[in-house]
Amino acid sequence: MNADQLLKARRHQFITILGRGSVEVFESILDRLLAWDLLNWEEYEYVKSPGLLSRSSRYLLDVIVCKGTRACELFVVVLRDVLHSSQLTGLILGNYKPPEETDKSSASRSSLASQTLQKHRPDIVRKLHGHIAAVLELLHRHGHFSKYECEEVQLPIYTPSQQARKLLDLSKAKGDDTAQVLLDYVESEPGPVKPILGNICLKYQEKLSSTLAAQSRFLTNYAGTENMCLEDIYVDCILEISNTAAENDCLSFLVGLENIFGSDGVSNKDADTVLITGEAGSGKSTSLQKIQQLWATKQAFQDITFVFAFSCRRLNFIDKPVSLKMLLFEHCCWPDDHQDEVFRYILDHPEEIMFMFDGFDEFKLQFTDEEKHCSPTKPITALNLIFNLLQGNLMKNTKKVMTSRPNAVTANLRKYLQKEITLKGFSREGIEMFIRKCHSNSSSAEHILHFVEANSALHGLCHVPFFCWIVSKCHEQLMQNGSDFTHTMTDVYLLILEHFLLHFTQSCQGINEVLLSRVATVHHLGKLALDGLTSCCYIFSAAQLQEAEVSEEDISLGFLVHSHSFSHACSVVNNRNYEFLHITVQCFFAALYITLNDNVGQSTLYSLFKHNQENTSPCMMSAACLKGWLFDCDQSGEQHERRSEVMLQEAERSNLQITASFVSGLLSGRHRNLMGKNFLIQQRCKKYKLVKKCLAKSIQKHFLSIPPAVGGEKKSMHALPEFVWWIKCIYEMQDNNLAKQAVSKLDVDHLKLTYCGIGPVECTALAYVLKHLKNPMGLQLDYNSVGDLGIEQLLPCLDICQSIYLRGNNISDQGISKLVDRALDSCNLQKIALFHNNLTDACTPYFAKLLKHKDNFLALRLGNNHLTAAGAEVLAEGLKQNNSIQYLGLWGNKIGGAGACALAAALENNTSMLWLSLVGNNVGSQGAKALALMLKKNTILEELCLQENNLVDEDMLHFAEGLQNNSSLKVLKLAQNRISRKGVEFIVKALKHNVTIASIWLGGNHVTAEEIEEMTAERRLTF
Ligand SMILES: Nc1ncnc2c1ncn2[C@@H]1O[C@H](COP(=O)(O)OP(=O)(O)OP(=O)(O)O)[C@@H](O)[C@H]1O
Ligand SMILES: [Mg+2]
């Protein structure tokens, strides 16, 4: 289909795309069309005349289609460049060429200034960002623009790009002299101007930064229990960026909090929002608080003039329409005077503004981009305002950072993200640092650390900062209970429950007795918590507390803390509101309520555990649920049950999953005596049986849905997102029989759990369940957050793994020492893949030991780590004593010539190795010679990969010699080196004497197309 046919046939779709897009995007399309002379000035004025975007889009299509096929082709090129690819899905757009570039410098010299401005309009619009005021000042000084015109261009309703366009349009109307002044300014390549802040803005900046400094000084959620200074307690968490732009594999790398806005890892240049995702309690809110503090105390982010921080939890409470101006001034920080000037500055300097949105998952409604809003002064709902800010319809080019739990991030939202960063909690060192910071007495810190490290499941849990805080706070009870007692998340939360209750009663009774005396409190808080969860409500008013019968005394226990007022203008959220000290604590109380209350029956439990198998939306409230049923106490047991059941289907998924995990834990045999032996014991046994049945059934149903293996391939299962949650629930139950039963019917060769957010806590649960598998299988955990702590947790199930894949999991040498220790005793384990971790030469003695002692070991892949020659030499020692390994991958390390020599020597007499990859290791001539000559003696190697190693023609002489005397090698990969025709000819000659070689890869070397043509006679060469 021609471009013009396409535009006609899909006219409706094009109009919808353009009409529903932003004005900014539409205008940047017009910029391009003007620059390529596809629109003349009249047409441009006609098309851009204010009105509905869909009407303008119709005009535009009419104009373009009238101009013929080439114009339509160029229009398609523009759409491709300007729009996000996801907006064009379903349209088959041809691959048309843009117009030929004319020499810019000569063109600009020969043509009029106004023509040059038009020709380079898209670039000039961009260049003028941040310079509008300066240019206008210049034009005014030279008498080209009146004061009134200057003001009109800078009207706050225009975005900086729109201001630049206004400026260009007005200059054109004024004639060539004006255009020349503007052109001279642009051509002088002005650097970014950071204007010196005037007094008015400076005053506002001071007020804003002192407000933020005060807000971020203490960790907000413990305001009721203790004053924890952020500065004293903060420890860096692991922040990882997945580089989806990387070509070969999806590599990831770590980033510091101060560099989150850097250029690394950007997946969408047109978007401004950096998203930080992380599981509950992983430290997202704390990280934003830290950014806030770094800016307010002038320690970082000093290119930002104003920072505006919002909590999505609290934004839910703004029930009246607000404009951007109201949001910033009334709900963040009020400028004491000159509001208009301050606001004008904000609009004019978007690149100096930062927005922070914490807890996107806590919004009551799901993200939508249907309602466009571009006016900074017109009020709309707060939610829509935020959604439009995220899309860039408002305040484009500001820095925005937002946090969310992973499952609230929809594909629709992803379109507007510049990059995604994953927050992965504390590293091993982080845990240690945190515990030391919590306990100034170094011997008690030492004691706690020792205790934690000795209990590996507990150590795994501490990787989540919030759990680490509980463990550190409750250390005394923890140690009294003994090291075997605390394994699960439920155990940890019972500790904090016990801690607060005991602290309050000051008694030395046991937990059961204290709990029994506090049944009413647990009941009230539990009801409040559950009602809140089912309606996505995390802040409670005095009236809600009253309805749930929460008394002053209940509050004083410390589980509820004052909700920080974020606005004096917002009447609902004031200091008399409360929230649980963390949402997971709210989940825990909801779980206590579900477990201990006989009002809550089987159907609620069923909904809780079946949640989302039928309903796949990640969250969120429907309008009906928002209105009805909330906190309504006067209901019969049956009504109550029905209500919970229905509302559970609507509540936020990750909180419900956490609640379900706690319910599993509380129902487990270990905690059945909670609150005394007779407390509703029969009820709880019933509930226990039901949950057990639900879990076993869900998992088995999942297994049954796995398609059979296709001919000759292994049967593989890619786990559903719920799989990890079910496994965690089983672990919380601590029921070996259930674990056995759940996996008894799993019959696969390969279990794939890539990108499933698996950290140490999940590893513990996986190992607990998978160790019961009957048949060994491959376990693929690539691109999770296993880390060294997770490796330790996985050890119990290592023996049922035939292979273990741990690519991109932040594993270091320490983790390897544990892995190898267990691998030596795991008869089934034959393959280990550790591509892209943090391994150094220090891990090689472990692998050498493995090679020496494990005589059924088949494959070791250590690509993209930090091994050098020294490491390769150690590995080579191991290899010499091994005759089972068939695959060794060292792609992307730095083993150099010496390392390659050592490996070559080890392989001379080897009788098993089929495949060796040394791609990108800078083996150079020394290494090449050794490897080539190894081929003379080796009789088994079938594939040798040496791409990207700086090999030259002389090295090919050695390979020619090697190949002449080798009869096993089938594939030799020499692509991306520095070999020229001469080198290839050495190889061609040698091939005359070699019949085993099937293919030699030579692409990306220094050979011309003609030379390649001449060598096609040797068909085994691949260029
Ligand atoms: N970097 C850190 N340094 C020290 N303590 C931390 C850090 N991050 C988190 N914590 C501790 O863990 C608690 C919970 O963290 P936070 O509230 O930031 O988690 P979150 O990821 O926002 O959880 P949610 O998903 O429920 O919103 C904090 O109150 C603090 O005690
Ligand atoms: Mg949070």
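None of these values were measured; they are calculated from a predicted model.

**Student:** Account for the overall build of the protein, with residues named and values stated.
**Tutor:** Each helix and strand in the protein was counted, giving 49 helices and 21 strands. By residue count, 57% of the 1023 residues in the protein fall in the buried class. For the protein, the exposed area adds up to about 42,000 Å²; of that, 50% sits on carbon and sulfur atoms.

**Student:** An account of the packing of helix α10 (residues 132-141) against helix α12 (residues 160-174) is needed here, citing residue identities and associated values.
**Tutor:** Between α10 and α12, the least distance of the axes is 11 Å, while the angle of their chain directions is 20°. Judged on the interaxial angle alone, α12 and α10 are roughly parallel. When you trace α10 past α12, the crossing you get is left-handed. Residues Ile 132, Val 135, Leu 136 and Leu 139 of α10 touch α12, and the partners they reach there are Pro 160, Gln 163, Ala 164 and Leu 167. For the contact of α10 with α12, the class distribution of residues is seven nonpolar, one polar and no charged.

**Student:** Could you give me a rundown of the pairing of strand β13 (residues 801-805), with the residues and numbers involved?
**Tutor:** Counted residue by residue, β13 has four buried out of five residues, so it is predominantly covered. Relative to β13, strand β12 (residues 777-780) runs parallel, the two being bridged by four bridges. Each bridged residue has a counterpart across the sheet, and for Met 777 the counterpart in β13 is Cys 801. With helix α41 (residues 787-794) bridging β12 and the parallel β13, this β-α-β connection has right-handed handedness. Strand direction decides the pairing type here: β13 and strand β14 (residues 831-833), joined by three bridges, are parallel. Looking across to β14, one finds that Tyr 805 is bridged to Ala 833. Taken together, β13, helix α42 (residues 813-823) and β14 constitute a β-α-β crossover, and its handedness is right-handed.

**Student:** Account for the pattern of salt bridges, naming residues and giving values.
**Tutor:** Within this structure, the stated rule accounts for 43 salt bridges. With a shortest N-O distance of 3.6 Å, Glu 908 and Lys 937 are connected by a salt bridge. On the criterion of sequence distance, the pair formed by Glu 908 in the loop between α45 (896-907) and β17 (915-917) and Lys 937 in helix α46 (residues 924-937) is long-range, its members being 29 residues apart. On the basis of relative accessibility, which here comes to 26%, the residue Glu 908 falls in the partly exposed class. Glu 942 is paired through a salt bridge with Lys 970; the nearest N and O atoms lie 3.7 Å apart. Of this pair, Glu 942 sits in the loop between α46 and β18 (943-945) while Lys 970 is found in the loop between α47 (953-964) and β19 (971-973), placing the two residues 28 residues apart along the sequence. For Glu 942, a relative accessible area of 29% puts it in the partly exposed group. Through salt bridges with shared partners, a single network forms among Glu 27, Asp 31, Lys 48, Arg 121, Arg 165 and Asp 169.

**Student:** Mind laying out the sheet that holds β13, listing which residues take part and the relevant values?
**Tutor:** Ordered by their spatial adjacency, twelve strands build an open sheet running β10-β11-β12-β13-β14-β15-β16-β17-β18-β19-β20-β21, and the pairing between neighbours is parallel. Each of the sheet's edge strands pairs with one partner strand only, and the pair in question is β10 (716-718) and β21 (1021-1022).

**Student:** Now, about the confidence of the model for the protein: what can you tell me, with residues and values included?
**Tutor:** Confidence in the prediction of the protein, expressed as mean pLDDT, is 86, and 89% of residues score 70 or more. A low-confidence stretch, residues 566-573 (pLDDT under 50), is modelled with 19 contacts involving residues beyond four sequence positions or located in other chains. Counted against residues more than four places away or in other chains, residues 612-635, with its pLDDT under 50, gives 63 contacts.

**Student:** Requested: an account of α42, with residues and values cited.
**Tutor:** Listed as buried for α42 are Asp 813, Gly 815, Ile 816, Ser 817, Leu 819, Val 820 and Ala 823. Of the surrounding elements, those touching the buried residues of α42 are α41, β14 and α43 (844-853).

**Student:** So what about unusual backbone geometry? Which residues, and what values?
**Tutor:** Phi is positive for His 338, which is not a glycine, with a value near 50°. Looking at the secondary structure, you find His 338 in the loop between α18 (324-331) and α19 (339-348). A residue is classified by how much of its surface remains accessible, and His 338, at 39% relative accessible area, is partly exposed. With a phi close to 55°, Asn 810 is a non-glycine residue in the positive phi region.

**Student:** Residue-level account of the environment of Gly 482, with values.
**Tutor:** Looking at where Gly 482 falls in the secondary structure, it is placed in the loop between α26 (475-481) and α27 (489-505). Of the residues examined, Gly 482 reaches a relative accessible area of 22% and is grouped as partly exposed. Separated by 27 residues in sequence, Gly 482 and Asn 455 have C-alpha atoms that sit 9.9 Å apart.

**Student:** Describe the nonpolar core, with residues and values.
**Tutor:** Counting 266 residues, the largest nonpolar core has Phe 308 and Phe 959 as its most contacted members. The residues touching Phe 308, leaving out its near neighbours within four places in the chain, are Tyr 204, Leu 208, Leu 328, Cys 332, Ile 346, Ile 353, Met 354, Phe 355 and Met 356. Grouped together as the second largest cluster of nonpolar side chains are 33 residues, Leu 7, Leu 34, Leu 38 and Ile 64 included.

**Student:** Can you break down the environment of Leu 738 residue by residue, with the values?
**Tutor:** Its place among the elements puts Leu 738 in helix α39 (residues 736-743). Taking C-alpha positions, Leu 738 is 8.9 Å from Lys 693, a pair spaced 45 residues apart along the chain. Contacts of Leu 738, omitting those with residues within four sequence positions, involve Lys 692, Leu 695, Ala 696, Ile 730 and Met 733.

**Student:** How would you summarise the packing of aromatic side chains if you had to cite specific residues and measurements?
**Tutor:** Summed over the entire model, instances satisfying the criterion amount to 36 aromatic pairs. Taking the centre distance of 5.1 Å and the plane angle of 70° together, the rings of Phe 367 and Phe 387 count as edge-to-face. Of this pair, Phe 367 sits in the loop between β5 (353-358) and α20 (382-391) while Phe 387 is found in helix α20, placing the two residues 20 residues apart along the sequence. Neither residue differs from the other here; Phe 367 and Phe 387 are each classed as buried. Seen in terms of ring centroids, Phe 588 and Phe 589 are 6.3 Å apart; in terms of plane orientation they differ by 75°. Their pairing is edge-to-face. Exposure class is identical for Phe 588 and Phe 589. Each is buried.

**Student:** Just give me the short version of the side chain of Glu 579, but keep the residues and values in it.
**Tutor:** Mapped onto the fold, Glu 579 is located in strand β9 (residues 578-580). Overall, the relative accessible area of 7% leaves Glu 579 in the buried class. A distance of 2.9 Å separates the side chain of Glu 579 from the side chain of Arg 313, its partner in a polar contact. Side-chain polar atoms of Glu 579 contact the side chain of Arg 314, separated by 3.1 Å.

**Student:** I'd like to hear about the environment of Ile 421, residue by residue, with values.
**Tutor:** Tracing the backbone through its elements, the reader meets Ile 421 in strand β7 (residues 417-423). On the accessibility criterion, Ile 421 (0% relative accessible area) is buried. For the pair Ile 421 and Ile 241, spaced 180 residues apart in the sequence, the C-alpha separation amounts to 4.7 Å. Among all residues touching Ile 421, those that are not within four sequence positions of it are Leu 239, Glu 240, Ile 241, Val 255, Ile 260, Val 274, Leu 275, Ile 276 and Thr 277.

So, how was this worked out
Residues numbered from 1 in each chain as written. Chains lettered and ligands numbered in written order. Predicted model: local features only at pLDDT ≥ 70, side-chain atom pairs only at ≥ 80, totals over all residues. Heavy atoms only, no water. Helix = DSSP H or I, 4+ residues; strand = E, 2+ residues; numbered from the N terminus. Buried < 20%, exposed > 50% of the residue type's maximum accessible area, 1.4 Å probe, protein only. Areas by Shrake-Rupley, 256 points an atom, 1.4 Å probe, with all protein chains shown as cover. Axes fitted to C-alpha atoms, helices over the stretch in contact; angles between N-to-C directions. Parallel < 35°, antiparallel > 145°, perpendicular 65-115°, else oblique. Left-handed = near helix turned anticlockwise from the far one by under 90°. Contact = heavy atoms within 4.5 Å. Nonpolar A, V, L, I, M, F, W, Y, C, P; charged D, E, K, R; others polar. Pairing = 2+ DSSP bridges. Right-handed = clockwise from strand over helix to strand, strands pointing away. Salt bridge = Lys/Arg side-chain N within 4 Å of Asp/Glu carboxyl O. pLDDT = per-residue confidence, 0-100. Core = buried A, V, L, I, M, F, W, Y, C linked by side-chain atoms within 4.5 Å. Phe/Tyr/Trp six-rings, centres within 6.5 Å; stacked < 30°, edge-to-face > 60°. Polar contact = N/O pair within 3.5 Å; in protein donor to acceptor, adjacent residues only side chain to side chain.

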